Structure formats: C-alpha cells, structure tokens
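A closer look at the structure
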Amino acid sequence: YGGMGLDFSYNVAVAEELGNIRCGGIPMAIGVQAGMATPALTRFGSDELKKQFLVPTIAGDFVVCLGISEAGAGSDVANIKTTAVRKGDEYVINGGKMWTTSGCQADWMCLLANTSEGPPHRNKSLICLPMNLPGIHVAKKIDKLGMRSSDTAQIFFEDVRVPSKNLIGEEGKGFTYQMLQFQEERLWAVATVLTPLETIIQETIDYTRQRKVFDQTVLHNQAVHFRLAELATEVELLRSLLYRTVALYVEGNDMTKFASMAKLKAGRLAREVTDSCLQFWGGMGFTSEVLVSRFYRDLRLMSIGGGTDETMLSIICKYMETLPSK
C-alpha cells in the first residue's frame, strides 16, 4: 500500500529524529498520520478501505485525524457518546469530537463511535469517515497553551451518513482496536521528546556557562551543574526503557505495562526538565524568545494527551495486580 514494510523500530527512529524540529506540534501531526490514526486500518481494514484511505495517506496526499476524545470523555474512552446507527447499507453518525489533532485540515477521520447498546468495551467500532460529508461541522480551531503550530479542532456530527463498508474490521471491536493504536501512539510520543529534552539541557548548559550572576557564571554553581547532570541521566534512562519496550513489541510481546511506564515517565520528565532548565534561564526563560519556554508549553501535553499520567498509573497497577479486577 506504499509503505516500506519496515518494523516499528523504524517509526521510533523517525520519531526521535523529528525531535530535532524546534517545536512539538509538527512531530505530533506527523505522528497522528503515521502511528496514531492508521495502525488499525493497516491491521484490520479491508483491501478496499486500504486502497481508498491508507494509500493516499501514506503518500501524503491525504491528511488523517483521529476522532476519539469528546468533551466528556478524554482518557475515559469507554465513556464516549458519539453514535453510529446502522440503517441499511449506511451508518448514521451523531455526536461530536474534541481535541482532534489536524481536524481542521483532515481529509478523513478514523472515528470511534458506539454502534450498539451493548457493554461499553464491546459496543464500539472504528469507521473511516471522509471529512467532506454533509453534516460534519468543524466548530473551531482550539486556542491552546502549547502545540500552537498544530491545529486542534472541535467537531460535530449531525446525521452524517457513511457507507457501512467503511467499517474497520469487525463491528464491536473498535475499543480493542483503539487500545492497540494507543500503544504505538504512546511509544511515538515518548520517542519525540527525547531529542528536545537533550537539546534543552544542552542549551541550558551553554547559556548558564556564559551568564554571570554575582561575578561568576551560573553554571559554576554546583547545584546547577549537578542538577543538569541528573536530568541528563534521567533522559538516558527513559531512552533505555523505550528501546526495551520497542524490542518487546517488535518481537510480538504484550508491552502494555512498559509502554505505560515509558509514557508516564516521559510526561513527568518533560515537565521536570523544562521547569528546572527554565529556572536556570532566569528572566529570559519567561520570554517567548528562547526554546526552553516553547517546550515548557509544548511538552506539557505529554502528561495529558494519549492517556493521562493517572491513566498510565492505573494500567501499570493492573499489570502489577495491585488493584482488584473488575
């Protein structure tokens, strides 16, 4: 279908390199295209669907967005309210999606919707939804704290009719398919923060080496260079966890626990590194003229998007069997 046939470790290598872009929004948009909205279609979609949607997406002719989160259901995917009711050879879609990356410019959406009245983990389906159909309303581009170069949309559906053949895989398996997509999304996200965190630490070293306070450079203070050394060590530990998790995934193992650990650590470390380094920049760190302030805003999303820190902790606990099973 136009791809190179490489394993997922190459996605991670690309994600790391994209971290050289001096903002978070562009790597995130590419990540949605390559590893967040298309894995389920690649694995479970029909040949016809892949030719219609996957081929032009891989070629870069189509932009795709992922329609999961809603105003009342972010990390709680099981609680989404959007419906896709089967009527003859069509689904009629009603509801809305929130925080949709690339939603203002997308050609199609990988949509998760309730297709039956059954249990919340077995009543959902993924559907390839062309974004030019009647009844789709892109309400607004959301004004965000960070990732400002990425359009994030609020979208409503009013009696949108889509052919039932646009269903990805089996009806009722959408929640399961999306959980699999989440794993690749989380690993991509972890990979994209490694290079920015290294860059921030190095630029902070360079700045504090030449900035003087009380007749000595800021870097001369033991507290400063010890802290930077500690942060650099944490980044390397995160890289090692990511690589171990990717290796397990490529070998076909269940790496949900380690992916959740990596996502949790990446979100918290992104906050820790950007906050500590911004402090060492002093007043300049509070301006929009330096990279550290941009990543302070952009990387804050790591602890929220793709599953919050708290969601990651819940997953880890379940795998450790510290929580009672439902």
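These figures come from a predicted structure and were not determined experimentally. (Residues numbered from 1 in each chain as written. Predicted model: local features only at pLDDT ≥ 70, side-chain atom pairs only at ≥ 80, totals over all residues. Heavy atoms only, no water.)

1. Describing unusual backbone geometry
- The residue Asp-159 is not glycine, and still its phi comes out positive at about 50°.
- By secondary structure assignment, the location of Asp-159 is in strand S7 (residues 152–163). (Helix = DSSP H or I, 4+ residues; strand = E, 2+ residues; numbered from the N terminus.)

2. Regarding the environment of His-137
- Tracing the chain through its elements places His-137 in strand S6 (residues 136–141).
- Taking the relative accessible area as the measure of exposure, His-137 reaches 38% and is therefore partly exposed.
- Once residues within four sequence positions are removed from consideration, His-137 is found in contact with Gln-154, Ile-155, Phe-156 and Glu-158. (Buried < 20%, exposed > 50% of the residue type's maximum accessible area, 1.4 Å probe, protein only. Contact = heavy atoms within 4.5 Å.)

3. Describing the UniProt feature "domain: Acyl-CoA oxidase/dehydrogenase middle" (unreviewed entry) in the chain
- With numbering aligned to this structure, UniProt lists the feature "domain: Acyl-CoA oxidase/dehydrogenase middle" (unreviewed entry) at residues 65–160.
- Regarding residues 65–160, the helix share stands at 0% and the strand share at 51%, and the terminal C-alpha atoms are separated by 17 Å. (UniProt positions renumbered as here; feature names shortened; annotations may be inferred.)

4. Quick look at the UniProt feature "domain: Acyl-CoA dehydrogenase/oxidase C-terminal" (unreviewed entry) in the chain
- Here the UniProt-annotated "domain: Acyl-CoA dehydrogenase/oxidase C-terminal" (unreviewed entry) positions come out as residues 172–318.
- Overall, residues 172–318 shows 74% helix and 3% strand. The separation of its end C-alpha atoms is 24 Å.

5. Quick notes on the state of the cysteines
- Under the definition given, this model contains zero disulfides.
- Of all cysteine sulfurs, the one in Cys-65 lies closest to Cys-104, which takes part in no disulfide; the gap is 9.5 Å.
- Of all cysteine sulfurs, the one in Cys-23 lies closest to Cys-277, which takes part in no disulfide; the gap is 19 Å.
- Judged by relative accessible area, which is 0%, Cys-277 ranks as buried. (Disulfide = S-S within 2.5 Å.)

6. Notes on the pattern of salt bridges
- The tally for this structure, following the rule as stated, stands at 18 salt bridges.
- Its salt-bridge partner being Lys-165, residue Glu-48 comes within 3.1 Å of it at the nearest N-O pair. Pair noted here: Glu-48 is in helix H4 (residues 47–59) and Lys-165 is in the loop between S7 and strand S8 (167–168), with a separation of 117 residues, a long-range link.
- The class of Lys-165 is partly exposed, set by a relative accessible area of 47%.
- In this structure, Arg-227 and Glu-272 form a salt bridge, with 2.9 Å as the shortest nitrogen-oxygen distance. Taken as a pair, Arg-227 in helix H6 (residues 222–250) and Glu-272 in helix H7 (residues 256–280) lie far apart in primary sequence, 45 residues in all.
- Taking relative accessible area as the criterion, Arg-227 reaches 19% and is therefore assigned buried.
- In this structure Glu-272 comes out as partly exposed when scored by relative accessible area, which is 29%. (Salt bridge = Lys/Arg side-chain N within 4 Å of Asp/Glu carboxyl O.)

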